[in-house]
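# Observations on the model geometry
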Amino acid sequence: MVFGLLLATGASLTAGVLVFQVAVLPLMFRYNKTVQRKVVFSNCINFPRNLNYDSPSSCSVTCGRNLNIEFRSIVDNFLIRLGIWHILPNSEIKDVADLKTNNTFHELKNSRNPVILYCHGYGDSTKVKPTERGVVEDLFHVYSWLLKTLDLEEEPTVFVWGHSLGTAVAANFVSNLEELCQERGSEKLRLPDALVLEAPFNNLKDEIAKHPLSKLVSWLPYFKNTFVKPFTDSPDYSFTTDEYLAVVPDLPILMLHSKGDRVVPYELAVKLQNKLVQSRKSSSAPFTFQTFEREHSIGHNNLCEAKHFKSAITDFLRLIEERKKTKQD
């Protein structure tokens, strides 16, 4: 009797899981915009929890300070307040305590080091309902602030660096920079000197289809219409990196990807590379695809720990500096 009860309970649980997997989950994903946004932007992820992002030192970042940029969003039609970390190289830190009180950013203005504007791959805490246009708008305003802060007469080297979803945001930004300036009545901003793509994918449609979690439902006959089609139909999150970068063939690009990446499959980076090679046939701009082997657990979030990571950055930076010098001469 007990065995029969356990068997019945197990069968009920199995049936319940199957119903959820076959019917409930697909319906939620196909028609619930909130679920789709959570999947794309992962803005529900906050780990470690209870960190004080206004204080970089509390997050073990000793050479950084917090600042805020406010602007009126034309995408969302309300005031946006962005939080940003300004992290200095150790060579420019004279008084760490001074970072907490000094808001002149003279270290940034007078720096002769390359400046990197980094776009992370998770979340968008500034908006309740994030969209692709919204996060690209965020990046535009940060980039605009950066160029106004730098001493452009000294022509500092500026990189835009994207990681994961941030690679698509950065790609959208550089391909539409002129249009973004026009929409906001801004003076024309120059393109960055180079774009760095860490763990990129070719487009979100393929990323969703190839994501490890998709294996749970990819066997469903209506998988593409339910789980992939929303990202081809909606302009809110198309993230077609391959199409964006085809518009800027003369922009130097460095791609970094690990064969052990379980979040963004390596094959999607290869697809992006192939598309870029086609679009840059007549361009002399540097384009480097640095692959890291499947070793020492190097994957999606710890690529910077790879053995040859630093040398890849250094070699690419040397190419950019030589290119700038040649243009000046």
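By the naming in an unreviewed UniProt entry, the protein chain is Monoacylglycerol lipase ABHD12, taken from Bombyx mori.

Quick look at the overall build of the protein chain now. Within the protein chain, the secondary structure is distributed over 12 helices and seven strands. Taken across its 329 residues, the protein chain has 44% of its residues classed as buried. Restricting to contacts in the protein chain with at least 6 residues of sequence separation, those with at least 24 account for 74%. Surface accessibility of the protein chain: about 18300 Å² in total, with carbon and sulfur atoms responsible for 55%.

Spatially, S3-S4-S5-S6-S7 is the arrangement adopted by the five strands of the open sheet, whose pairing is parallel. This sheet does not close on itself; its edge strands, each paired only once, are strand S3 (115-119) and strand S7 (287-292). Geometrically, the sheet is characterised by an average inter-axis angle of 15° between neighbouring strands, direction not taken into account. For strand S6 (residues 253-258) and S7, the ladder comprises six bridges, and the chain directions are parallel. By the bridge assignment, Leu 254 is partnered in S7 with Thr 288. Packing against the sheet, helix H12 (residues 309-328) makes contact with strand S4 (158-163), strand S5 (194-198), S6 and S7, and its axis sits at approximately 170° to S6.

Let us now look at the environment of Leu 251. Along the polypeptide, Leu 251 turns up in the loop between helix H10 (241-245) and S6. Each C-alpha atom, one on Leu 251 and one on Phe 287, is 8.5 Å from the other, the two residues being 36 residues apart in sequence. When residues no more than four places from it in sequence are discounted, the contact partners of Leu 251 are Val 174, Pro 192, Asp 193, Ala 194, Leu 195, Arg 280, Ala 285 and Pro 286.

Next up on the list: the pairing of S4. A large share of S4 lies buried, amounting to six of its six residues. Burial of S4 is two-sided: the residues Val 158, Val 160 and Gly 162 facing one way and the residues Phe 159, Trp 161 and His 163 facing the other way are all buried. One ladder, built from five bridges, connects S3 with S4; its direction is parallel. Counterpart to Ile 116 in the pairing with S4 is Phe 159. Strand direction decides the pairing type here: S4 and S5, joined by five bridges, are parallel. From the neighbouring strand, Trp 161 faces S5, where its bridge partner is Val 196.

Attention now moves to helix H4 (residues 132-149). Between its terminal C-alpha atoms H4 stretches 26 Å, which fits the 26 Å expected from 18 residues at 1.5 Å a residue. Across the 18 residues of H4, 15 count as buried, placing the element largely inside the fold.

The next thing to look at is the nonpolar core. Core analysis: the biggest nonpolar cluster contains 52 residues, and Tyr 143, Phe 173, Leu 195, Phe 201, Phe 239, Leu 245 and Met 255 have the highest contact counts within it. For this core, the element with the most residues is H4, which contributes eight residues. With sequence-adjacent residues up to four places away left out, Leu 195 is seen in contact with Val 160, Ala 170, Ala 171, Val 174, Leu 245, Leu 251, Pro 252, Ile 253 and Leu 254.

This part covers the packing of aromatic side chains. Per the stated rule, a full pass over the model turns up six aromatic pairs. Their ring planes at 40° and their centres at 6.4 Å tell us that Tyr 53 and Trp 85 sit as a pair that is tilted. Of this pair, Tyr 53 sits in the loop between helix H2 (33-41) and strand S1 (64-72) while Trp 85 is found in strand S2 (residues 79-87), placing the two residues 32 residues apart along the sequence. Of the residues examined, Tyr 53 reaches a relative accessible area of 40% and is grouped as partly exposed. Between Trp 161 and Phe 309, the aromatic rings sit 6.2 Å apart at their centres with planes inclined by 45°, giving tilted as the arrangement.

The phi angle at Asn 77 is positive, at roughly 60°, despite the residue not being glycine. Within the secondary structure layout, Asn 77 lies in the loop between S1 and S2. With phi around 60°, Ala 199 is a residue other than glycine that occupies positive phi space. Tracing the backbone through its elements, the reader meets Ala 199 in the loop between S5 and helix H7 (204-210).

Let us now look at helix H11 (residues 266-279). Along its 14 residues, H11 runs 20 Å from first to last C-alpha, staying within 8% of the 20 Å computed at 1.5 Å per residue. Turning to H11, its buried residues are Leu 268, Ala 269, Leu 272 and Leu 276. For H11, the arc enclosing every buried residue in end-on projection is 100°, short of the 170-degree limit, so these residues lie on one face. Buried-residue contacts for H11 involve S5, H7, H10, S6 and S7.

Reading the values: rules and limits
Residues numbered from 1 in each chain as written. Predicted model: local features only at pLDDT ≥ 70, side-chain atom pairs only at ≥ 80, totals over all residues. Heavy atoms only, no water. Helix = DSSP H or I, 4+ residues; strand = E, 2+ residues; numbered from the N terminus. Buried < 20%, exposed > 50% of the residue type's maximum accessible area, 1.4 Å probe, protein only. Contact = heavy atoms within 4.5 Å. Areas by Shrake-Rupley, 256 points an atom, 1.4 Å probe, with all protein chains shown as cover. Pairing = 2+ DSSP bridges. Axes fitted to C-alpha atoms, helices over the stretch in contact; angles between N-to-C directions. Expected span 1.5 Å × (residues − 1). Core = buried A, V, L, I, M, F, W, Y, C linked by side-chain atoms within 4.5 Å. Phe/Tyr/Trp six-rings, centres within 6.5 Å; stacked < 30°, edge-to-face > 60°. Arc of directions from axis to C-beta.

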